[in-house]
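Here's the letter readout for the chains.
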Amino acid sequence: MSLNVSNLTVHHGAICAVNQVSLAVPTGKLAAIIGANGAGKTTLLRALSGLNKPTSGVVNWMGQTITGVKPEKLVRLGISHVSEGKSVIPELTVKENLELGAIWRKNGKEMKESLDQVVTIFPRLGERISQRSDTLSGGERQMLAIGRAIMSKPKLLLLDEPSLGLAPLVVEQIFQTIRDLTTEMRLTVLLVEQNAMGALKIADLGIVLNLGKVVAVNHAQALIEDPAVRAAYLGY
Amino acid sequence: MQLLNTLLIGITAGSIYALMAIAFVLVWRSTRVVNFAQAGMALLSTYFGYEAVSRIGSFWVALPVAMIGGALFAALVELILMRLLVKHASSGPIAGVAPIIATLGLLGVIRSVISMIWGGQDLRIVAPISNNGFTINGSTLVFSPLKLLVLVVVAVLLILLTILFQKTNLGLALRASAHAPEIARLSGVRVDSVRTLGWALAGAAGAVAGLFQTVNGNGNFSPDSIEFSLLLVSGFIAAVIGGLDSLLGAVLGGLFLGITISFVLMYVSSGLFFIAPFIILLIVLFIRPQGIIGVKAGRRA
Amino acid sequence: MFILGGVVLYFLSGMVDELRVYQGATIAVYVIAISSIILLTGYSGQVSLGHGALMAVGAYAAAVLRIEFNLPIILCFVVAVLAAAIGGALLGAAAARLSGPYLAGTTLALAIGLPSLANQFAVLGGEQGLLFDVGFPPLALGEDFTQYKWFFWIAALAALISMWVVRNLLSSAYGRAWRAGRGNEVAAQLAGINTARSKVLAFTISAGIAGLAGALLAMTIGTVSPSAFPLALSFSLLTGAVLSGITTLGGVIIGAVVLVAIPEIADVVAHRLGSSESVTTNLPGLIVSGLLILTVLFVPNGPVEQHRARKAKHAAQHASSKKDKH
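Anyway, here's the lowdown on the structure attached to this text. The structure presented is a predicted model; accordingly, all values stated were derived computationally and were not measured.

## Focus: the overall build of chain C
Then comes step 1: Counting its secondary structure elements, chain C contains 13 helices and 2 strands.
Then comes step 2: Per-residue burial over chain C gives 52% buried out of 326 residues.
Then comes step 3: Across chain C, contacts joining residues at least 24 apart in sequence account for 78% of those joining residues at least 6 apart.

Take a look at the structure:
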């Protein structure tokens, strides 16, 4: 297991958003976290990447305890978080957004290599490399956000609702890319999704969150076939 | 000829306002605070420069000394005051006004401490070159070698600052932290340190503005110099005209303000010296509340 | 309660020496000025550094009327309030479109710019300023009723009246609208409050009160001049308001007393330390500014509110421990 979370609790003021959550993701696997609005998915992800401070519990990554470590340090340990809502900086160009992802590495040559790699994965970004990123379409922005994360050479990728607000065709494309990246780069991925069906289809592992608690963990395929999950989250 | 004179005086004054406006913008971008102590910090840096001049005798040593001193002091303020402010006063009914009040308090502290150390009387920094106007075809301009020097130095600093912001990783970190601190942190930028750096750069820019405001005037300065109150107000107004978030806007705002004031004083009334900036600010806020280089959000803080 | 306060003050003023009476008058002036800041900043959430300038407007209005038309003193004060209120309404109209630092900067520019206008018009008397004489105390008050005592009476009466007015305003629907707008402007608008109009109103009333304080300050000094209303005055008022607890009117006397006491305390401290003259003259300024920062950082809601919060917490703990025993 590369990512181990045990009894993690996170509060928003007086509200307990994540309640005693324990989960484990093996190296190179893609885990989908699904659940209704307000189930605590985003808060959980933010606690893992250091944006929110957990009240209690332990997060362990590759044998190292990382509970409460700041995000800027976690990036250096190989953890990259793409936050909700196409997290790109509109005032910067596409190239600058990508370079930002590798900024802590301070090595010009490596940065160039990573840049070539991302452009190979997302040729569309290569075409628009010197445009300001607020001229991009929604799908392109999501590619850019993921591209920025790839630039930091992550081992663990935390993705928050990458399908949010995108057209169905584009969603399919993004999901396929996430699947391919996981396999090709041997990434460990935690994918938070409102689009439960799409996420479970590409995932190895499914985790269902309800009111801050883990209510089901299983192989993604098994969850798709589970009648209770189908009724509650897949809508048929 | 009078027209040219007025224009050149305005551009020189405006370039000093532009530096001050840049200081405001740098601080605003890094911590979302308008630093009303900015002119106090510029004044303190001018005293640093004065000490250097009186010991070593060269303005060219005083300038970097003032810049470094100003930068260090500003960094210290960010590290202590701003972080305490975030820790203790970022919520509650007066959270919105707490930074304003705190920087005003700082302005008062700086002025009192300066008066205690150096006394309240006028001190003098002599300009490195002549402030007597150039002579063209027998008639003398108000524009002088000193004013030319001010323009050149400000231009060089602006170019250096542009290179820093546009061409270096540090500049990318500064811009990313200003626009989206959370994304910057997730990309590995140490946003806290970048904020301190933003304040330090502002301190250095303010130091140059303070020294030039002094030598471009009559060379005298004191804790109660009206020159520094004017620098505070003009720098703030120039920054607001420029949209408060944009370095280019700050430069344009400074030049616009300097030239406008120069023309008002020449062609309307020289008695409007202190009230003109206020009137210009009101007009700008009513006509273009988003500044020259507009931000969409309007005047919220 | 206000009447009781008045009676107490009346007896007190008979017992202390002249300097204290004069300081008492100054405290009363500060109480008025600080309450205008509390109304504006604490309730309506707008920061003004131009209140020194608005006080000047009130003072000049009163002095000009007194000199040019020899109006009765009470009318002069009324006009001071009206003149400053008009100035405040104009400024408030601009202010309603601004927020936070933009407003602070704009009023700062005004505070620096406005006093210089005094030199532009002959009727305002330039740097020397104008004399402002409220006249001798009425003979009916007795032979030994001094000039300063008369000042004190007028100022204290004005302070009691304005406190009464401000308190009622703050607990009225207007006060609630201001607080709602301060907390969350959008939410207040959705609740049907015209926040722009509400802010202009707050600014107008606050300016009027500041104008009264300005005229009273001019009365105690005897003249009206640009140097009596420096930028430092606006800063002091803000400090006084923050020290009083900017969100409650209850502590207003604390700020006023501290502002008057600081120069004296600083004087004593400086003499004890045997400091040089430059330290002695600047110590009050340092203390005022230092207190401003420390209060904002550590007692942001002021001593009164802090005390109340602590007491409430105490009571809650007490109650819960009682419950445990049962």
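## Remarks on the nonpolar core
Then comes step 1: Membership of the largest hydrophobic core comes to 289 residues, with the highest contact counts inside it found for A:Leu191, C:Ala62 and C:Ala80.
Then comes step 2: Top contributing element to this core by residue count: helix H1 (residues 2-31) of chain B, with 17 residues.
Then comes step 3: If we skip the residues at most four places from it in the chain, C:Ala62 touches C:Cys76, C:Phe77, C:Val79, C:Ala80, C:Phe132, C:Ala215 and C:Ala218.

## Structural notes on the interface of chain C and chain B
Then comes step 1: Contacts between the two partners involve 44 residues from chain C and, on the opposite side, 44 residues from chain B.
Then comes step 2: For the side of chain C that touches chain B, the secondary-structure elements that each account for two or more residues are helix H5 (100-113), helix H10 (231-244) and helix H12 (277-298) of chain C.
Then comes step 3: If one sorts the elements of the side of chain C that touches chain B by residue count, H12(C) sits on top with 13 residues.
Then comes step 4: Split by residue class, the side of chain C that touches chain B holds 26 nonpolar, 16 polar and 2 charged.

## Brief notes about the sheet that holds strand E10 (residues 213-219) of chain A
Residue and element names in this part refer to chain A.
Then comes step 1: The 6 strands are arranged E6-E7-E8-E3-E9-E10 in an open sheet whose pairing can be described as mixed. Strands at the two margins of the open sheet, each flanked by one partner only, are strand E6 (79-82) and E10. When strand polarity is set aside, the average angle formed by the axes of neighbouring strands in this sheet is 15 degrees.
Then comes step 2: Strand direction decides the pairing type here: strand E3 (residues 30-34) and strand E8 (residues 188-193), joined by 5 bridges, are parallel. Note on E8: the bridge partner recorded for Ala 32 is Leu 191.
Then comes step 3: Each of E3, strand E7 (156-160) and E8 touches helix H7 (residues 168-184); the most contacted strand, E8, lies at about 160 degrees to it.

## What to know about the sheet that holds strand E1 (residues 3-12) of chain A
All names here are of chain A.
Then comes step 1: What the 4 strands build is an open sheet, ordered E2-E1-E4-E5; its pairing is antiparallel. Each edge of the open sheet carries a strand with a single partner, namely strand E2 (15-25) and strand E5 (64-65).
Then comes step 2: Pairing of E1 with E2 involves 7 bridges; the strand directions are antiparallel. By the bridge assignment for E2, Asn 4 is matched with Ala 24.
Then comes step 3: Packed onto the sheet, helix H1 (residues 41-48) meets E1, E2 and strand E4 (56-61) and runs at close to 65 degrees relative to E2.

Conventions and cut-offs
- Residues numbered from 1 in each chain as written.
- Chains lettered and ligands numbered in written order.
- Predicted model: local features only at pLDDT ≥ 70, side-chain atom pairs only at ≥ 80, totals over all residues.
- Helix = DSSP H or I, 4+ residues; strand = E, 2+ residues; numbered from the N terminus.
- Buried ≥ 20, exposed ≤ 12 C-beta atoms within 10 Å, placed from the backbone.
- Contact = placed C-beta atoms within 7 Å.
- Core = buried A, V, L, I, M, F, W, Y, C linked by C-beta atoms within 7 Å.
- Nonpolar A, V, L, I, M, F, W, Y, C, P; charged D, E, K, R; others polar.
- Pairing = 2+ DSSP bridges.
- Axes fitted to C-alpha atoms, helices over the stretch in contact; angles between N-to-C directions.

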